[in-house]
Amino acid sequence: MQLPGGIATVSDLIDHLCSINDIYKAALGDKSVVRIAVNQTHVGLDHPVTDADEVAFFPPVTGG
């Protein structure tokens, strides 16, 4: 995905995705419980992102 202007960090990207639709908002809305990897390395919300990065989100899940 090409990042819109103004998105510089993982936190910015989450905010953008949550603004797109309620599905993203439900999965990613509580940033305190979402885990993130950029280019297969776990990172924090303040980690920078670019169009060339692979970003993976790990929202909380339940089940067994």
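Residues numbered from 1 in each chain as written. Predicted model: local features only at pLDDT ≥ 70, side-chain atom pairs only at ≥ 80, totals over all residues. Heavy atoms only, no water.

Caption draft 1: Examining the overall build of the chain more closely. Secondary structure assignment for the chain yields two helices and three strands. Of the regular secondary structure in the chain, the N- to C-terminal order runs α-α-β-β-β. A compact globule built from 64 residues should have a C-alpha radius of gyration of about 11 Å, and the chain, at 12 Å, falls within 12% of that. Principal axes of the C-alpha set define a box for the chain whose edges measure 35 × 25 × 20 Å. Across the 64 residues that make up the chain, the buried fraction comes to 25%. For the chain, contacts bridging at least 24 residues in sequence account for 41% of all contacts bridging at least 6. Summed over all atoms, the accessible surface of the chain reaches about 4300 Å², with 54% contributed by carbon and sulfur. (Helix = DSSP H or I, 4+ residues; strand = E, 2+ residues; numbered from the N terminus. Rg over C-alpha atoms; globule rule 2.2 N^0.38 Å. Buried < 20%, exposed > 50% of the residue type's maximum accessible area, 1.4 Å probe, protein only. Contact = heavy atoms within 4.5 Å. Areas by Shrake-Rupley, 256 points an atom, 1.4 Å probe, with all protein chains shown as cover.)

Caption draft 2: Here's a closer look at the confidence of the model for the chain. Counting all residues, the mean pLDDT for the chain is 92, and 95% of those residues have values of 70 or more. Mean pLDDT across the elements of the chain bottoms out in helix 2 (residues 22-28) (92) and peaks in strand 2 (residues 41-43) (97). (pLDDT = per-residue confidence, 0-100.)

Caption draft 3: Region of interest: the environment of asparagine 21. As for its placement among the helices and strands, asparagine 21 is situated in the loop between helix 1 (10-20) and helix 2. Overall, asparagine 21 belongs to the partly exposed group, its relative accessible area being 30%. In this structure, the C-alpha to C-alpha distance between asparagine 21 and glutamate 54, residues 33 residues apart in sequence, is 21 Å. A polar contact of 2.9 Å, which involves the side chain of asparagine 21, links it to the backbone nitrogen of tyrosine 24. (Polar contact = N/O pair within 3.5 Å; in protein donor to acceptor, adjacent residues only side chain to side chain.)

Caption draft 4: Representation of helix 1. The set of residues buried in helix 1 consists of Val10, Ser11, Leu13, Ile14, Leu17 and Cys18. When helix 1 is viewed along its axis, its buried side chains cluster within an angular range of 160 degrees and face the same direction. Structurally, helix 1 contributes buried residues whose contacts are with helix 2, strand 1 (35-38), strand 2 and strand 3 (55-58). (Arc of directions from axis to C-beta.)

Caption draft 5: A look at the side chain of serine 11. Positionally, serine 11 belongs in helix 1. With sequence-adjacent residues up to four places away left out, serine 11 is seen in contact with Lys31 and Leu45.

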